[in-house]
Amino acid sequence: MATIEECRAALEKLSDSMQRAEGDVRTAAALDRSVSCHITDLDVTFAGRMAGGRIHVQDTLQGPPREKAQIRLGMTGDDLVALVDGELHFAKAWGSGRVRLHAGLRDLMHLRKLL
């Protein structure tokens, strides 16, 4: 099972990848939205903001998200690490229910380029 530190490192790695993105992916990464990522097996939520092509984690909270972020993810820590490392394909994980993503329709259209 991935630790809180490994999950935070995976989010930082994802943020670094977003920062280096180009083209349509760069446009998607440039959204300015509140975000949360609930790590279900650890029952921890990373809450923050996606802005300037990066994910800025502002809080690590025990339990599910306290506020409804504009972009909400939910998954196990191992799945987060596997997604960021390229070992788990996002569409398959989302389709099978291993990863939950909630966002407005317009944001989903942008995020599909990113994910």
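Named according to an unreviewed UniProt entry, the chain is Sterol-binding protein originating from Streptomyces cyaneochromogenes.

Draft legend 1. A look at the sheet that holds strand S3 (residues 54-62). Strand order across the open sheet formed by five strands is S3-S2-S1-S4-S5, with mixed pairing between neighbours. Each end of this open sheet is capped by a strand with a single partner; those strands are S3 and strand S5 (100-103). Direction aside, the axes of adjacent strands within the sheet are offset by 15 degrees on average. Looking at chain direction, strand S2 (residues 44-51) and S3 are connected through eight bridges and run antiparallel. Pairing of Ala47 across the sheet is with Asp59, part of S3. Sheet strands in contact with helix H3 (residues 77-84) are strand S1 (33-39) and strand S4 (71-75), and its direction is about 110 degrees off that of S4.

Draft legend 2. Representation of the side chain of His38. Inspection of the secondary structure assignment puts His38 in strand S1. If we skip the residues at most four places from it in the chain, His38 touches Asp43, Val44, Thr45, Gly63, Pro64, Pro65, Leu73, Gly74, Met75 and Arg100.

Draft legend 3. Spotlight on helix H1 (residues 4-20). Between its first and last C-alpha, H1 extends 25 Å over 17 residues, near the 24 Å set by a 1.5 Å rise per residue. Turning to H1, its buried residues are Cys7, Ala10, Leu11, Ser15 and Met18. Along H1, the residues classed as buried sweep out an arc of 140 degrees about the axis, all on the same side. Exposed side chains of H1 directed beyond 90 degrees from the buried face belong to Glu5 and Arg20.

Draft legend 4. Focus on the packing of H1 against H3. Running from amino to carboxyl end, H1 crosses H3 at an angle of 30 degrees, the nearest separation of the two axes being 9 Å. With respect to each other, H1 and H3 are oriented roughly parallel. When you trace H1 past H3, the crossing you get is left-handed. Across the interface between the two elements, Glu6, Cys7, Ala10, Leu11, Lys13 and Leu14 from H1 touch Gly77, Leu80, Val81 and Val84 from H3. Within the contact of H1 with H3, the residues separate by chemical class into seven nonpolar, one polar and two charged.

Thresholds applied
Residues numbered from 1 in each chain as written. Predicted model: local features only at pLDDT ≥ 70, side-chain atom pairs only at ≥ 80, totals over all residues. Heavy atoms only, no water. Pairing = 2+ DSSP bridges. Helix = DSSP H or I, 4+ residues; strand = E, 2+ residues; numbered from the N terminus. Axes fitted to C-alpha atoms, helices over the stretch in contact; angles between N-to-C directions. Contact = heavy atoms within 4.5 Å. Expected span 1.5 Å × (residues − 1). Buried < 20%, exposed > 50% of the residue type's maximum accessible area, 1.4 Å probe, protein only. Arc of directions from axis to C-beta. Parallel < 35°, antiparallel > 145°, perpendicular 65-115°, else oblique. Left-handed = near helix turned anticlockwise from the far one by under 90°. Nonpolar A, V, L, I, M, F, W, Y, C, P; charged D, E, K, R; others polar.

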